[in-house]
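Tertiary structure, described
Here are the chains, one letter per residue:
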Amino acid sequence: MNEEDIERLRSMIAEIDNEIMELIADRLAVARRIGAMKIATGKKIKQPDAEKKVKGRIEKKAAELGLNEEGIKGIFEGIIEASVAEQEKLEIALKDLKAIGKCIIYGGAGGMGKILSEMLHGNGYEVTVVRSSGEVLKYPSMEKSAMPEDPEFTVVSVPMKITGETIITASNQVPGKKIYEICSMKTRLKSAISRAEKTGSEVISLHPMFGPGIRAIRDKPVIFCGKPDQFEEDPIWKSFES
């Protein structure tokens, strides 16, 4: 083995280090999502029982892999501390955050709807969720609510087969507002979009290139249908950018 072989292996370690840091960034992003839910439901940020379970799981996995349990425990204690710090930072930010507007998400209780509700709420919007059944709920408490007065926009995040009719419903219930739809098949929506536009609504098509199982929106691509300069001040565009 020569110096070149050593450098090659060091390069492998550098790649692994980068992968570890990417995973830590994802973990912290998920921790922030948990923190937002804790804050919204009035739970304390620090939860000793949950931390104890995490540490027990880590120690068990370390033993299975034949790793030094104390060393791994020390590494994860630092990661847990960083996660708690992220949640505490979010708690302070949300206390100072003023509502910048209201929005409605049709299908906000579904997989993608939850992601969008979480994102928009975290960016300062008062989010109202409308289930496919028509039930109206206030996010994130998910308590029954009334439709908000003068929302800035609506989002349609429902199964493909009812996207068209939901766009029409949204345009009738909240006429003259922007309607964002995320259906993966756009051609079948032409008739519904045409009907919605007759109410004065503007339908904007976008397509998130990810599913509801993502850990974080960070660096995930989203396709907006239109010209780039059209979206410079667009609320959804800005939310994804942030």
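For the structure itself, consult the block above.
Figured I'd write up the structure that's included with this text.

Quick notes on the rules
Residues numbered from 1 in each chain as written. Predicted model: local features only at pLDDT ≥ 70, side-chain atom pairs only at ≥ 80, totals over all residues. Heavy atoms only, no water. Pairing = 2+ DSSP bridges. Helix = DSSP H or I, 4+ residues; strand = E, 2+ residues; numbered from the N terminus. Contact = heavy atoms within 4.5 Å. Axes fitted to C-alpha atoms, helices over the stretch in contact; angles between N-to-C directions. Buried < 20%, exposed > 50% of the residue type's maximum accessible area, 1.4 Å probe, protein only. Expected span 1.5 Å × (residues − 1). 1 Å grid on protein atoms, 1.4 Å probe; cavity = no way out; pocket = protein on both sides within 12 Å on 5 of 7 lines; lining within 4 Å. Points joined across faces, edges and corners; volume = space filled by probe spheres on them. Nonpolar A, V, L, I, M, F, W, Y, C, P; charged D, E, K, R; others polar. Phe/Tyr/Trp six-rings, centres within 6.5 Å; stacked < 30°, edge-to-face > 60°. Parallel < 35°, antiparallel > 145°, perpendicular 65-115°, else oblique. Left-handed = near helix turned anticlockwise from the far one by under 90°.

Attention shifts here to the sheet that holds strand E2 (residues 125-130). Pairing is mixed across the open sheet formed by eight strands, whose spatial order is E4-E3-E2-E1-E5-E6-E7-E8. With partners counted over all chains shown, the strands left at the sheet margins are strand E4 (143-144) and strand E8 (222-224), one partner each. Bridge count for strand E3 (residues 136-138) against E4 is two bridges, and the pairing is antiparallel. Note on E4: the bridge partner recorded for lysine 138 is glutamate 143. Across the face of the sheet, helix H5 (residues 163-173) comes into contact with strand E1 (101-106), strand E5 (153-156), strand E6 (178-181) and strand E7 (202-208) while running at roughly 165° to E6.

To continue, consider the pairing of E1. One face of the sheet, then the other: side chains in a regular strand alternate in exactly this way. Of all six residues making up E1, five are buried, and the element is well covered by its neighbours. As paired elements, E1 and E2 share six bridges and run parallel to each other. Bridge assignment links isoleucine 105 to a residue of E2, and that residue is valine 129.

The subject of this paragraph is the environment of glutamate 77. Checked against the element boundaries, glutamate 77 lands in helix H3 (residues 69-96). C-alpha separation for the pair glutamate 77 and alanine 40, spaced 37 residues apart in sequence, amounts to 26 Å.

So, on to helix H4 (residues 111-122). Residues three or four positions apart in an α-helix share a direction because the helix packs 3.6 residues into each turn. Relative to the 16 Å expected for twelve residues at 1.5 Å per residue, H4 spans 17 Å between its end C-alpha atoms, a close match to the ideal helical length. Considered for burial, the residues of H4 that qualify are Met112, Gly113, Ile115, Leu116, Ser117, Glu118, Met119 and Leu120. Where H4 is buried, its residues touch helix H1 (3-40), E1, E2, E5, E7 and helix H7 (235-241). Looking one or two residues beyond H4, the residue adopting positive phi is glycine 124, at roughly 105°.

Our next topic: the layout of surface pockets. In this structure, the second largest pocket encloses a volume near 440 Å³. As for the second largest pocket, its lining consists of 16 residues, and the residues nearest its centre are Ile20, Leu23, Ile58, Phe76 and Ile79. Secondary structure elements with two or more residues in the lining of the second largest pocket: H1, helix H2 (48-64) and H3. In terms of residue count, H1 provides more of the lining of the second largest pocket than any other element does, five residues in total. A per-class count over the lining of the second largest pocket returns eleven nonpolar, no polar and five charged.

The next subject is the packing of aromatic side chains. Inspection of the entire model under this criterion finds five aromatic pairs. Their ring planes at 70° and their centres at 5.2 Å tell us that tyrosine 125 and phenylalanine 153 sit as a pair that is edge-to-face. Of this pair, tyrosine 125 sits in strand E2 while phenylalanine 153 sits in strand E5, placing them 28 residues apart in sequence. Given the relative accessible area of 7%, tyrosine 125 is considered buried. A residue is classified by how much of its surface remains accessible, and phenylalanine 153, at 1% relative accessible area, is buried. Both rings, one in phenylalanine 224 and one in phenylalanine 240, keep their centres 6.4 Å apart while their planes meet at 85°; by these two values the pair is edge-to-face. Remark: phenylalanine 240 occurs in helix H7 and phenylalanine 224 occurs in strand E8; sequence separation between them is 16 residues. As far as the burial class goes, phenylalanine 224 and phenylalanine 240 line up, both buried. An aromatic cluster is present here, built from Phe210, Phe224, Trp237 and Phe240 joined pairwise through their rings.

This paragraph deals with the packing of H1 against H3. At a minimum axis separation of 8 Å, H1 and H3 run at an interaxial angle of 45°. Classified by the angle their axes make, H1 and H3 are oblique. The chirality of how H1 crosses H3 is right-handed. The segment H1 lies against H3, with Ile24, Arg27, Leu28, Ala31, Arg32, Ile34, Gly35, Ala36, Lys38 and Ile39 engaging Ile79, Ile80, Ala82, Ser83, Glu86, Gln87, Leu90, Glu91 and Leu94. The residue inventory of the contact of H1 with H3, partitioned by class, reads eleven nonpolar, three polar and five charged.

Let us look at the side chain of serine 171. Inspection of the secondary structure assignment puts serine 171 in helix H5. Discounting residues that sit within four places of it in the chain, serine 171 has contacts with Ile179, Ala196, Thr199 and Ser201.

Nothing here speaks to function; it is all geometry.
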